[in-house]
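Structural features, examined
Take a look at the letters that make up each chain.
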Amino acid sequence: MPELYENVYDGKPPIIDGVLYAGTYLFVGAPKVGKSFFMLQLAYHISTGLPLWDYPVRKDSVLYLALEDDYFRLQERLYRMFGTDCAPDLHFSVTAHQLGKGLNEQLQEFISEHSETKLVIIDTLQKVREIGGEGYSYGSDYDIITQLKQFADSHKICLLLVHHTRKQKADDTFDMISGTNGLLGAADGAFLLYKQKRTSNKAVLEISGRDQQDQKINLVRNEEKLCWDFENAETELWKEPPDPLLEKIEEFLADKSEWSGTATELVGKLGEDIKPNTLTMKLNVTAARLLDEYSIIYENTRTHNGRSVVLKRKRDDV
């Protein structure tokens, strides 16, 4: 445990606050329930930075693999949903190789050319998975998601995998995901879009993830634009309370772009009644939050003179 606390690990900053983070997620729903329209809406908002309902969005490039569509249908849908307000950072392809047969290489090439990419949507998972001779099993389902997760984690992006539900009802709605529990078991989380009545224009979006709060959001289909509008959320998002230490660091760095020194010197500068090694451990643990909420980069390195702490403001172009 002490060794673990000596390290600084990259966090998973939100793509949509409280909703979507870096990692690998399933987006599941019955056929023709409106999953692809939701994917277009999600992709457009992230690529433009426009808030999704009341949820803040971080602007990033998006690649949407619309593998069950063609470009004519994409053009028609996008025009109806968003008119001529185009998003230059939203990219499409209607073809892709399968996993293990060139998909990783294709995604790698795209991300190399578009380094600001934070979201890749694969619509659908079935189109890119290689079917084994024995069909599907828990092991094969777990393996397919694990391979995709390794790619997403190594590039610090979000992979959103569109998938179908099975016909059988279940007490736990996430048990309706088609396939074995290996899919959800290996993923970082899942979204489930469903209607109580097939002919209704209302739907429920349930969200469950490893490192985020479970949510249930009620949506209404905008019949004119075919977008999903927010009706209400059945759960209020929990927000982490302010950290007095991080706020002091922000105040300390207010009139400077960078500071470096020892942990002992930083304790003195902050006027904190805390041991230097305890301060270091606290900052190691909260480094991702310091960057995400305060745009301050924290570095802790070992030199021949001991531990050196560096605090610097994140530039807009980083």
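I will try to describe carefully the structure that is included in this document. For clarity, every value in this text was computed on a predicted model and none was experimentally measured. (Residues numbered from 1 in each chain as written. Predicted model: local features only at pLDDT ≥ 70, side-chain atom pairs only at ≥ 80, totals over all residues. Heavy atoms only, no water.)

Turning next to the sheet that holds strand β3 (residues 23–29). Sheet architecture is open: 9 strands sit in the order β5-β4-β6-β7-β3-β8-β9-β10-β11, paired in mixed fashion. Pairing within the sheet leaves two strands with one partner each, and these edge strands are β5 (90–93) and β11 (228–233). Neighbouring strand axes in the sheet, compared pairwise and without regard to direction, differ in orientation by 20° on average. Note that β3 and strand β7 (residues 158–164) share 7 bridges and pair parallel. Residue pairing across strands places Phe27 opposite Val162, the latter belonging to β7. (Pairing = 2+ DSSP bridges. Helix = DSSP H or I, 4+ residues; strand = E, 2+ residues; numbered from the N terminus. Axes fitted to C-alpha atoms, helices over the stretch in contact; angles between N-to-C directions.)

Turning to the pattern of salt bridges, a few remarks are in order. As enumerated under the stated definition, the model contains 17 salt bridges in all. Of the charged contacts, one joins Lys202 and Glu231 as a salt bridge, the two residues approaching to 3.2 Å between their closest N and O atoms. Of the two residues, Lys202 sits in strand β9 (residues 202–209) while Glu231 sits in strand β11, which places them 29 residues apart along the sequence. Residue classification places Lys202 among the partly exposed residues on the basis of a relative accessible area of 42%. Glu231 sits in the partly exposed class, given a relative accessible area of 35%. What you see here is one network of salt bridges that share partners, running through Lys12, Lys149, Asp153, Asp188 and Arg210. (Salt bridge = Lys/Arg side-chain N within 4 Å of Asp/Glu carboxyl O. Buried < 20%, exposed > 50% of the residue type's maximum accessible area, 1.4 Å probe, protein only.)

The tendency in soluble globular proteins is for nonpolar side chains to be buried side by side. Of all hydrophobic cores here, the largest spans 45 residues; its most connected members are Ile16 and Leu20. The dominant element in this core, judged by the number of residues it contributes, is helix α2 (residues 35–48), at 8 residues. Residues within four places of Ile16 in sequence aside, it is in contact with Leu42, Ile46, Leu52, Tyr55, Pro56 and Val57. In this structure, Leu26, Leu125, Phe151 and Ile177 belong to the second largest nonpolar core, which totals 31 residues. (Core = buried A, V, L, I, M, F, W, Y, C linked by side-chain atoms within 4.5 Å. Contact = heavy atoms within 4.5 Å.)

As a further point, take helix α4 (residues 103–113). Working note: α-helix, 3.6 residues per turn, so residues spaced by three or four point in the same direction. Burial in α4 covers these residues: Leu103, Leu107, Phe110 and Ile111. Taken around the axis of α4, the buried residues stretch over an arc of 95°, which confines them to a single face. Exposed and facing more than 90 degrees away from the buried side of α4 are Glu105, Ser112 and Glu113. Buried residues belonging to α4 abut β4 (61–66), β5, β6 (117–123), α5 (125–128) and α6 (138–155). (Arc of directions from axis to C-beta.)

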